[in-house]
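Each chain, written out:
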Amino acid sequence: MIFCGSVVAGLLGSLIGLGGGVLIVPLLTLAFGLPISFAIGASIISVIATSSGAAAAYVRDRITNMRVGMFLELATTTGAISGAFLAGLLAPGILGVIFGIILLLSALPTLFKMGEELPSDVQNDWLATHLSLASSYPDEHLGHEVSYQVTRTPLGLILMYVAGVISGLLGIGSGAFKVLAMDVVMRLPLKVSTTTSNFMIGVTAAASAGIYFARGDIPPLVAAPVALGILLGALIGSRLLSHLSNRVIRLVFLPVIVATAVEMILHGLGIGGI
């Protein structure tokens, strides 16, 4: 059952750039009754599997912006290490509530931009120009090459540090904040934001995985089926994404985030559960 749930989590995670952890943590805690520390440890492994499965396909298809990903990873990796140390100091209930609130906040920009297919009137800022972050990708849904530019890069870098802290703290890959920073702040097309997020989350998670393993929070008999299921789901999702519109991806993104956030807040407060 954990394997089957992980396949679905990997499929959705690769489509919306949030990583499998966004669904694995609620699945393991709410449906299977595992302690949240074990769920987060298994989720860290699942995030690495999602990134490994989907990112390779997205890089091959030229949708991922490697220059943006590697630049922003400087901030997220530093934040991930900080968050992993903080996680050992907070109560499980607090972690659940924080998890839910973060997901709800990440859904708000998506709600207001539901009808947007591609960002318009975006000009490179000085840092994006200096680092040559602008690029293009082949959009099979639109049937042509889409060129784009990058703006507000310094603010995006700050948000990526916050995303890294969240990843290390909650084991979710922090894809919600990564997509938020690239889509809303830096104004990348949503497909580029989600695929670049998938590329980044594995590196961010790997930065904090060793700390969780040393604490004994990664149970192998849970992490193994989670990782295998997530990997399979991520590979399926990477095949689907290029054929979907950005509007459809937003429609998938929003209900997944809201439903998961509400469940985790209720569970963290001790009044929810499946």
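Worth saying up front: this structure is predicted, and the values here are computed from it rather than measured.

Q: Explain the overall build of the chain here, please?
A: Looking only at helices and strands, the chain features 11 helices and two strands. Sequence-ordered secondary structure for the chain, helices as α and strands as β, is α-α-α-α-α-α-β-β-α-α-α-α-α. Within the chain, buried positions represent 57% of all 274 residues. Pairs at least 24 apart in sequence give 83% of the contacts found in the chain among residues at least 6 apart. Just so you have it, the chain exposes about 10,600 Å², and 73% of that area is on carbon and sulfur atoms.

Q: How should I be thinking about helix α4 (residues 66-87) in this particular structure?
A: Each turn of an α-helix holds 3.6 residues, which means side chains three or four residues apart point in the same direction. For α4, which comprises 22 residues, the first-to-last C-alpha distance of 30 Å matches the rise-based estimate of 32 Å (1.5 Å per residue) to within 8%. Buried within α4 we find Val-68, Gly-69, Phe-71, Leu-72, Glu-73, Ala-75, Thr-76, Gly-79, Ala-80, Gly-83, Ala-84 and Ala-87. For α4, the capping residue at the N-terminal end is Asn-65, with a side-chain oxygen 3.2 Å from the backbone nitrogen of Arg-67.

Q: Please explain the pattern of salt bridges as it appears in this structure.
A: A side chain of one charge can pair with a side chain of the opposite charge when the charged atoms of the two come close. In total, this model carries four salt bridges according to the counting rule given. Ionic pairing is found between Arg-60 and Asp-61, a salt bridge with its closest N-O pair at 3.4 Å. Residue classification places Arg-60 among the exposed residues on the basis of a relative accessible area of 56%. With a shortest N-O distance of 3.4 Å, Asp-217 and Arg-215 are connected by a salt bridge. Overall, the relative accessible area of 35% leaves Arg-215 in the partly exposed class.

Q: What exactly am I supposed to notice about the pairing of strand β2 (residues 144-148) here?
A: Consecutive side chains of a regular strand alternate in pointing toward one face of the sheet and then the other. Note: strand β1 (residues 135-139) against β2, five bridges, orientation antiparallel. Note on β2: the bridge partner recorded for Pro-138 is Glu-145. Between the end of β1 and the start of β2, which pair antiparallel, lie four residues, with Gly-143 showing a positive phi angle near 80 degrees.

Thresholds applied
Residues numbered from 1 in each chain as written. Predicted model: local features only at pLDDT ≥ 70, side-chain atom pairs only at ≥ 80, totals over all residues. Heavy atoms only, no water. Helix = DSSP H or I, 4+ residues; strand = E, 2+ residues; numbered from the N terminus. Buried < 20%, exposed > 50% of the residue type's maximum accessible area, 1.4 Å probe, protein only. Contact = heavy atoms within 4.5 Å. Areas by Shrake-Rupley, 256 points an atom, 1.4 Å probe, with all protein chains shown as cover. Expected span 1.5 Å × (residues − 1). Polar contact = N/O pair within 3.5 Å; in protein donor to acceptor, adjacent residues only side chain to side chain. Salt bridge = Lys/Arg side-chain N within 4 Å of Asp/Glu carboxyl O. Pairing = 2+ DSSP bridges.

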